[in-house]
Amino acid sequence: MNSRWRVGIDLGGTKTEVILLDGANKIHFRARIASPQGDYEATLNSIKELVEAAELRVGGASLPVGVGIPGSVSGLTGLVKNANSTWLNGQPMAADLTHLLQRPVGLTNDANCLALSEASDGAGQGYKVVFAAILGTGCGAGITVNGQLLSGPNGLAGEWGHNPLPWTPQAELNQRPCFCGRFGCNETFLSGTGLALTHRLLWDEQLDARNIVERFQNDPRAVRSLDDYADHLARGLAAVINLLDPDVIVLGGGMSNVPSLYDELATRLPAYVLGSECETPIRQATHGDSSGVRGAAWLAQDRGRI
């Protein structure tokens, strides 16, 4: 294999993206397709087609491949679990892709890919412990220590999205069922979908997160919904700081593009962090929506995990 080139795949719930990186981390090819819905075999084949399209740019050479998925891989069985693209759950995806592509394939959670990308040459570069959260259709996080992924024996390090939002009454948690089978998970508050649910519960009005953010300047209801969202996010991140105390928190996903959140978090976090003070920098992902797929390419380089 040519170690200079790497292929990264970001498998999302709605789109699948591929990039081809060179040794200087320059993107030479990038493409997106709609993700197959509910069809595991079609998902594998779409990844194979994207990898082959990237490899054509370098004469068809067989290259290292890393894949980020919206779930985690069991350290016990090697099977996918906890994926909100539920047709992936219970599948030996790493083994199947290794067989299909005829080479070892790195496979990890998409939030781990975000963390690896941003710790390597993004908003977390130079920090020892990086906590990187995706605030998108879903909500998850990854952790790096000294530039290496922290996975854990269960493959669950950073699965912040499926802890209940702290300091929240049970009645409020019960209003938010999660695909994982529990109620009141961070994901049901802190994802873009969670913001839409907050707005609907407040105003009995169905808007998606993008529309709520767009109305922020002139709609008092949108202002209130985003104010609640900022408080929910501060609670969720304060629990991370109380437990892990990372050197930096990096935010990715659609909700990370709301500029007002960063000032709001700086103001609100001390109220929830133990000791009523917080110096943790909160940074927007440098590479935006490319961070996940870039991190998958970094994974292909096998920088290691702990």
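Nothing here was measured: the structure is a model prediction, and the numbers come from that model. (Residues numbered from 1 in each chain as written. Predicted model: local features only at pLDDT ≥ 70, side-chain atom pairs only at ≥ 80, totals over all residues. Heavy atoms only, no water.)

**Some remarks on the sheet that holds strand 10 (residues 148–149)**
Spatial strand order, 10-9-8-11-12: five strands in an open sheet with mixed pairing. Each end of this open sheet is capped by a strand with a single partner; those strands are strand 10 and strand 12 (282–284). In this structure, strand 8 (residues 129–135) lies alongside strand 11 (residues 248–252), joined through five bridges in parallel fashion. Following the sheet pairing, A133 is matched in strand 11 by L251. (Pairing = 2+ DSSP bridges. Helix = DSSP H or I, 4+ residues; strand = E, 2+ residues; numbered from the N terminus.)

**Examining the pattern of salt bridges**
A complete count under the given rule lists 18 salt bridges for this structure. D289 is the salt-bridge partner of R30, the closest N and O atoms lying 3.5 Å from each other. With R30 in strand 3 (residues 27–34) and D289 in the loop between strand 12 and helix 10 (291–300), this residue pair connects regions lying 259 residues apart in the sequence. Residue classification places D289 among the exposed positions, given a relative accessible area of 52%. (Salt bridge = Lys/Arg side-chain N within 4 Å of Asp/Glu carboxyl O. Buried < 20%, exposed > 50% of the residue type's maximum accessible area, 1.4 Å probe, protein only.)

**A word on the domain arrangement of the protein**
Here the protein is partitioned into domain 1 (6–109) and domain 2 (123–285). Distance from the C-alpha centre of domain 1 to the C-alpha centre of domain 2: 26 Å. Contact residues are listed per partner, giving nine residues for domain 1 and ten residues for domain 2. Buried surface at the junction of domain 1 and domain 2, summed over both partners, amounts to about 610 Å²; 49% is from carbon and sulfur atoms. (Domains from an automatic or database assignment. Contact = heavy atoms within 4.5 Å. Buried area = accessible area lost by both parts, 1.4 Å probe.)

**Structural notes on the nonpolar core**
Note on soluble globular proteins: their nonpolar side chains tend to be buried together. Residues W160, L233, L251 and L269 are the most contacted members of the largest nonpolar core, which totals 38 residues. Mapped by element, the contributors of at least two residues to this core are strand 8, strand 9 (139–145), helix 5 (187–190), helix 7 (209–214), helix 8 (220–243), strand 11 and helix 9 (260–272). The contact partners of L251, leaving out residues within four places of it in the chain, are A133, L135, L233, L237, S256, Y262, L265, I282, R283, Q284 and A285. In terms of nonpolar packing, the next biggest core, distinct from the first, is built from 25 residues, V7, A54, L63 and I69 among them. (Core = buried A, V, L, I, M, F, W, Y, C linked by side-chain atoms within 4.5 Å.)

**Observations regarding the sheet that holds strand 2 (residues 15–21)**
The five strands are arranged 3-2-1-4-7 in an open sheet whose pairing can be described as mixed. Among the strands making up the open sheet, the edge pair consists of strand 3 and strand 7 (105–109). Ignoring which end each strand starts from, the neighbouring axes of this sheet average 15 degrees apart. With seven bridges joining them, strand 2 and strand 3 adopt antiparallel strand pairing. By the bridge assignment for strand 3, I19 is matched with R30. Along the sheet, helix 1 (residues 40–56) contacts strand 1 (6–11), strand 2, strand 3 and strand 4 (65–69); its crossing angle with strand 1, the most-contacted strand, is approximately 150 degrees. (Axes fitted to C-alpha atoms, helices over the stretch in contact; angles between N-to-C directions.)

**Side note on the packing of helix 8 against helix 9**
Interhelical geometry of helix 8 versus helix 9 gives an angle of 55 degrees and a closest axis separation of 8 Å. In terms of orientation, helix 8 and helix 9 fall into the oblique class. Handedness of the crossing formed by helix 8 with helix 9: right-handed. Here D227, Y229, A230, D231, L233, A234, R235, L237, A238, I241 and N242 of helix 8 come into contact with helix 9, specifically with L261, E264, L265, R268, L269 and Y272. Each residue belonging to the contact of helix 8 with helix 9 can be placed in one class, and the counts come to eleven nonpolar, one polar and five charged. (Parallel < 35°, antiparallel > 145°, perpendicular 65-115°, else oblique. Left-handed = near helix turned anticlockwise from the far one by under 90°. Nonpolar A, V, L, I, M, F, W, Y, C, P; charged D, E, K, R; others polar.)

**Some words on the side chain of T108**
With respect to the secondary-structure elements, T108 resides in strand 7. Separated by 2.8 Å, the side chains of T108 and N112 make a polar contact. If near-sequence neighbours (up to four positions away) are discounted, T108 is found in contact with V67, G68, I69, C113, L149 and L299. (Polar contact = N/O pair within 3.5 Å; in protein donor to acceptor, adjacent residues only side chain to side chain.)

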